[in-house]
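Residues per chain are reported as follows:
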Amino acid sequence: MDISAVIFCITVSIILPVVAVAFTSARQRGTLKAALLGGATFFVFQVVIRIPVLQYLLPEFSWYLLFQATNQTLYILMLSFTAGLFEEGGRWIVMMLFLKRRTLPDGIAFGLGHGGIEAILLVGVNAISMLIIYGIPYAEPLPIFLAGVERLAAICSHIAFSLIVLRGVTNNKPILLILAMLLHTLMNFVAVMMMSSGANDVLTELYVVLFAIGVICFSLIFWKRTEAPS
Amino acid sequence: MKRLFLILLAIAAAAGLFSGCGSEELPDGFNRDEVESRAVLIAETLTALDYETVAGMVREDLKEALSAEVLENALGPTLEGLGAFESSSITMGGTKGSDGEEYTVAVVSWKCEDGKVTFTLSFDKDLNIVGLYMK
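What comes next is a walk through the structure. (Residues numbered from 1 in each chain as written. Chains lettered and ligands numbered in written order. Predicted model: local features only at pLDDT ≥ 70, side-chain atom pairs only at ≥ 80, totals over all residues. Heavy atoms only, no water.)

## A look at the overall build of chain B
No. 1: Check the secondary structure of chain B and you find 4 helices and 4 strands.
No. 2: For chain B, the succession of helices and strands along the chain, N to C, is α-α-α-α-β-β-β-β.
No. 3: Across the 135 residues in chain B, those meeting the buried criterion constitute 39%.
No. 4: Partitioning the intrachain contacts of chain B with sequence separation of at least 6 by distance along the chain shows that 53% fall at a separation of at least 24. (Helix = DSSP H or I, 4+ residues; strand = E, 2+ residues; numbered from the N terminus. Buried < 20%, exposed > 50% of the residue type's maximum accessible area, 1.4 Å probe, protein only. Contact = heavy atoms within 4.5 Å.)

## Thoughts on the pattern of salt bridges
No. 1: Summed over all chains, the structure comprises 10 salt bridges over all chains.
No. 2: One salt bridge connects E88(A) with R91(A), and the closest N-O pair in it is separated by 2.7 Å. With a gap of 3 residues between them, E88(A) and R91(A) both fall in helix α4 (residues 72–98), about one helical turn apart. Of the two residues, E88(A) and R91(A), both sit in the buried class.
No. 3: Residue E101(B) pairs with R59(B) through a salt bridge whose shortest N-O separation is 3.7 Å. Of this pair, E101(B) sits in the loop between β1 (85–96) and β2 (102–112) while R59(B) is found in the loop between α3 (51–56) and α4 (68–79), placing the two residues 42 residues apart along the sequence.
No. 4: We classify E101(B) as partly exposed; its relative accessible area is 31%.
No. 5: One network of salt bridges, with partners in common, ties together E60(A), K116(B) and K135(B). (Salt bridge = Lys/Arg side-chain N within 4 Å of Asp/Glu carboxyl O.)

## With respect to the packing of helix α5 (residues 104–134) of chain A against helix α6 (residues 141–170) of chain A
Residues and elements named next belong to chain A.
No. 1: Closest axis-to-axis distance for the α5/α6 pair is 7 Å, and the angle between their directions is 155°. Between α5 and α6, the interaxial angle falls into the category roughly antiparallel. Handedness of the α5/α6 crossing: right-handed. (Axes fitted to C-alpha atoms, helices over the stretch in contact; angles between N-to-C directions. Parallel < 35°, antiparallel > 145°, perpendicular 65-115°, else oblique. Left-handed = near helix turned anticlockwise from the far one by under 90°.)

## Considerations on the pairing of strand β3 (residues 115–123) of chain B
Residues and elements named next belong to chain B.
No. 1: Counted residue by residue, β3 has 7 buried out of 9 residues, so it is predominantly covered.
No. 2: Bridge count between β2 and β3: 9 bridges; the pairing is antiparallel. Residue K111 lies in a different strand from β3, and its bridge partner there is K116.
No. 3: Hairpin connection from β2 to β3: 2 residues lie between these consecutive antiparallel strands.
No. 4: For β3 and strand β4 (residues 129–134), the ladder comprises 5 bridges, and the chain directions are antiparallel. Counterpart to T120 in the pairing with β4 is Y133.
No. 5: Where β3 hands over to β4, the hairpin turn is made up of 5 residues, of which L127 adopts a positive phi near 60°. (Pairing = 2+ DSSP bridges.)

## What to know about the environment of Q68(A)
All names here are of chain A.
No. 1: Relative to the assigned elements, Q68 resides in helix α3 (residues 62–70).
No. 2: Taking the C-alpha atoms as reference points, Q68 and M78, separated by 10 residues in sequence, lie 9.9 Å from one another.
No. 3: Here the side chain of Q68 touches Y75 through a polar contact of 2.8 Å, side chain to side chain. (Polar contact = N/O pair within 3.5 Å; in protein donor to acceptor, adjacent residues only side chain to side chain.)

## Digging into the side chain of S62(A)
No. 1: Following the sequence through the fold, S62(A) ends up in helix α3.
No. 2: Relative accessible area serves as the criterion here: at 15%, S62(A) is assigned to the buried category.
No. 3: At 3.3 Å, the side chain of S62(A) and the side chain of S109(B) are in polar contact.
No. 4: Contacts of S62(A), omitting those with residues within four sequence positions, involve T91(B), V107(B) and S109(B).

## A short note on a nonpolar patch on the surface
Residues and elements named next belong to chain A.
No. 1: Taken together, the side chains of F43, V44, V48, I49, L121, L122 and V125 present a nonpolar region at the surface, about 520 Å² in accessible area.
No. 2: Secondary structure elements with two or more residues in the nonpolar patch: α2 (31–57) and α5.
No. 3: No other element matches α2, which puts 4 residues into the nonpolar patch.
No. 4: Structurally, the position occupied by F43 is in helix α2. (Patch = residues over 30% accessible without salt bridge, like charges linked within 9 Å, V, L, I, M, F, W, Y side chains within 5 Å. Areas by Shrake-Rupley, 256 points an atom, 1.4 Å probe, with all protein chains shown as cover.)

And the structure:
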């Protein structure tokens, strides 16, 4: 079986975030702190809070299991919305409290750290274990390749969301936090709905990639346009 | 900041309303008591480790996917160590499949001496099992 898909996936989900953070912090001193804060934001608000609540706490309640089984669309909307709520809300809190320097490179580094740790934990670790356990994996190469593509798009989206939220913090405009939450919800909701309605995997990932391109372009243009004149 | 808090509160309230809406009603053609009896019977039978009987209640087209062997392999390790029955509770609701057919879902919490399991059971109008999930 072709191993290039696994190598691509590991490169995108582990090597790329690490190299990108190292490169950014080497070029722009002080951005390492922003990247580490971004990584910590994902870890605390997703891994420590949201995921245990969704996987262990809520399934203890019958109404939640019933809701899960009887309202699939609303359930997907709830999952998408809570991802936006926790991740963007977490970004806002961490940026307000701990990110004292709030420049464009800091915003990019924050998003790289956030998306990077997500890629490492959700995809990179699994890809490495697969390689260690099976050598050349038995799985089809296309889904592994697509997982890598999705991570690449997700990292770009996290950079974009970080810039939108950071602009909200610098300009004291909480509405930008809401915008980031809604965009995050939209990205996840449409992708998961496509998957659950049996849409082609390539088509779903194409949507994720196009969304990432759109949102990163928007956030960069928006950042420049809303910059206070120096 | 206060405005942001209010917006978030409104979104959370809307999400709460959404999550609670419309799922408690059973679709036309389903009788609440019959569904409840059927769901409790399945929970009792499963916890008595009688997988053959439960497999017999599965809808014809799903019999292979939910055979006695499949049920035993998937549920056996958890159900074998539950101990004596203590109490149960049940919640029911209705849903529509992608094929347009209406189903009823019953969530049965089954508390025993040495643990608790929750079955999510889906039924068609003839009360055949069309979905079975255990946590």
